[in-house]
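Listed below are the residues making up each chain.
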Amino acid sequence: MPSLSATVIICTVDRCKFLSRVMSAVSLWRCSFQELIVVVGPAQDDTKLVLLEYKDIINQVILTEQRNVSVARNLGLKAATKDIIFYLDDDVIPPDNWIDLHLQIYREQGASCGCVGGAVIDKTQPNGALQFARGVNRPLAELLLCYSDGLEFCFW
């Protein structure tokens, strides 16, 4: 499979502290993807200040008056221009190699790979309980290893 380009879409509304954390993390591995889109709902907090702080790594900010993550994700998808789309919630901090590991699955599986998902681990709990490992990625997870310890996401 030829080289793949990646868009990361972050959707947020009224969670500037979470957004600041995820943007700090994203800035550390910005070279692993080509496009960053942030979709912002009707924020009443300091989200604009966070966006200004990271303006050099953001390709596009989309504002929406709707408080609806599905609408926000669709707006981001419509604006995306790269091969593979990565959705990242504003309260999730993926590992540094998150995109590289996902793209590796796409390269290995070729056109048969429709999507790749990872496990979500609640790092606020003492036992680090698994929060999500099903959904659109479940059929793939049952057929081949689509997530591992290297693809753990954490949230607050």
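Student: Got a minute to help me understand the overall build of the protein chain in this structure?
Tutor: From N to C terminus, the protein chain includes 5 helices and 8 strands. Taken from the N to the C terminus, the helices and strands of the protein chain come in the order β-α-β-α-β-α-β-β-α-β-β-α-β. Taken across its 156 residues, the protein chain has 44% of its residues classed as buried. Considering only contacts within the protein chain whose residues lie at least 6 apart along the sequence, 70% involve residues at least 24 apart. Split by element, the accessible area of the protein chain, about 8600 Å² in all, is 51% carbon and sulfur.

Student: Please clarify how the pattern of salt bridges should be interpreted in this entry.
Tutor: The final tally for this structure, using the stated rule, is 4 salt bridges. Residues arginine 73 and aspartate 89 are paired through a salt bridge, measuring 2.8 Å at the closest nitrogen-oxygen approach. Of this pair, arginine 73 sits in helix H3 (residues 69–79) while aspartate 89 sits in strand E4 (residues 84–89), and the two are 16 residues apart along the sequence. Salt bridges here are not isolated pairs; linked through shared partners, they connect Arg15, Asp90 and Asp91.

Student: Looking at this model, I keep getting lost on the nonpolar core. Mind explaining?
Tutor: One broad trend across soluble globular proteins is that nonpolar side chains are buried collectively. Formed by 31 residues in total, the largest nonpolar core has its most connected members in Val8, Ile10, Met23, Val26, Leu36, Leu88 and Ile99. Each residue touching isoleucine 10, except ones within four places of it in the same chain, is listed here: Leu19, Val22, Met23, Val26, Leu36, Ile37, Val38, Val39, Leu88 and Asp90. In terms of nonpolar packing, the next biggest core, distinct from the first, is built from 8 residues, Cys11, Ile37, Val39 and Ala79 among them.

Student: Help me understand the side chain of threonine 12, please; the structure alone is not making it clear to me.
Tutor: Its place among the elements puts threonine 12 in strand E1 (residues 6–12). You can call threonine 12 buried: its relative accessible area is 4%. Separated by 2.7 Å, the side chains of threonine 12 and aspartate 90 make a polar contact. The contact partners of threonine 12, leaving out residues within four places of it in the chain, are Leu19, Val38, Val39, Val40, Gly41, Thr47 and Asp90.

Student: What is the right way to look at the packing of aromatic side chains in this model?
Tutor: The way to describe two aromatic rings as a pair is by their centre distance and the angle between their planes. For the coordinates displayed, the defined rule picks out 3 aromatic pairs. Look at tryptophan 29 and phenylalanine 33: their rings are 5.7 Å apart centre to centre, the planes differ by 70°, and that puts the pair in the edge-to-face class. As far as burial versus exposure is concerned, tryptophan 29 and phenylalanine 33 are alike and both buried. Among the aromatic residues, those joined into a cluster by ring pairs are Trp29, Phe33, Phe86 and Trp98.

Student: Quick question: what am I supposed to make of the sheet that holds E4 here?
Tutor: Backbone hydrogen bonds hold the strands of a sheet together, and the pairing may be parallel or antiparallel. The 4 strands lie next to each other as E3-E2-E1-E4, forming an open sheet whose pairing is parallel. Edge strands, defined here as strands with exactly one partner in the open sheet, are strand E3 (60–63) and E4. Neighbour-to-neighbour, the strand axes of this sheet turn through a mean angle of 20°, independent of strand direction. Direction of pairing for E1 relative to E4: parallel, over a ladder of 6 bridges.

Student: For this particular structure, what's the right way to read unusual backbone geometry?
Tutor: Trans peptide bonds make up most of the peptide bonds, and negative phi angles are found at most residues other than glycine. If you check the backbone angles, aspartate 14 has positive phi at about 55° while not being a glycine. Position of aspartate 14 relative to the elements: it lies in the loop between E1 and helix H1 (16–28).

Student: Would you take a moment to explain the environment of lysine 48 for this structure?
Tutor: Mapping lysine 48 onto the fold places it in helix H2 (residues 47–53). The class for lysine 48 is exposed, based on a relative accessible area of 66%. Taking C-alpha positions, lysine 48 is 8.3 Å from cysteine 16, a pair spaced 32 residues apart along the chain.

Scoring rules and cut-offs
Residue positions within a chain follow its written sequence, with the count starting from 1. At least 70 in pLDDT is required for a residue's local features to be given in this predicted model, at least 80 for side-chain atom pairs to be given and counted, and no such filter applies to totals for whole chains, interfaces and linings, which use all residues. Only hydrogens and water are removed before side-chain values are computed, so all heavy atoms of the structure are retained for them. In this text, helices come from DSSP runs of H or I with a minimum length of four residues, and strands from runs of E with a minimum of two, each type numbered from the N-terminal end. Accessibility here uses a 1.4 Å probe with only protein chains present; expressed as a share of the type maximum, an area under 20% marks a residue as buried, one over 50% as exposed, and anything in between as partly exposed. Any two residues having at least one pair of non-hydrogen atoms within 4.5 Å are treated as being in contact. Surface accessibility in these figures is a Shrake-Rupley result with a 1.4 Å probe; residues are shielded only by whichever protein chains are displayed. The salt bridge definition used is simple: a Lys or Arg side-chain nitrogen within 4 Å of an Asp or Glu carboxyl oxygen. Only buried Ala, Val, Leu, Ile, Met, Phe, Trp, Tyr and Cys residues count toward a nonpolar core, and they belong to the same one when joined by side-chain atoms within 4.5 Å. As used in this structure description, the phrase polar contact means that two N or O atoms lie within 3.5 Å; if the pair is within protein, one of them must be able to donate a hydrogen and the other to accept it, and residues adjacent in sequence are counted only when both atoms belong to side chains. Any two of the Phe, Tyr and Trp rings considered here, Trp counted by its six-membered ring, make a pair once their centres fall within 6.5 Å; the pair's planes then place it as stacked at under 30 degrees, edge-to-face at over 60, or tilted in between. Following DSSP output, two strands are said to pair if at least two bridges run between them. Angles shown run from 0 to 180 degrees and are taken between the N-to-C directions of axes, each axis being a line fitted to C-alpha atoms and, for helices, limited to the stretch in contact.

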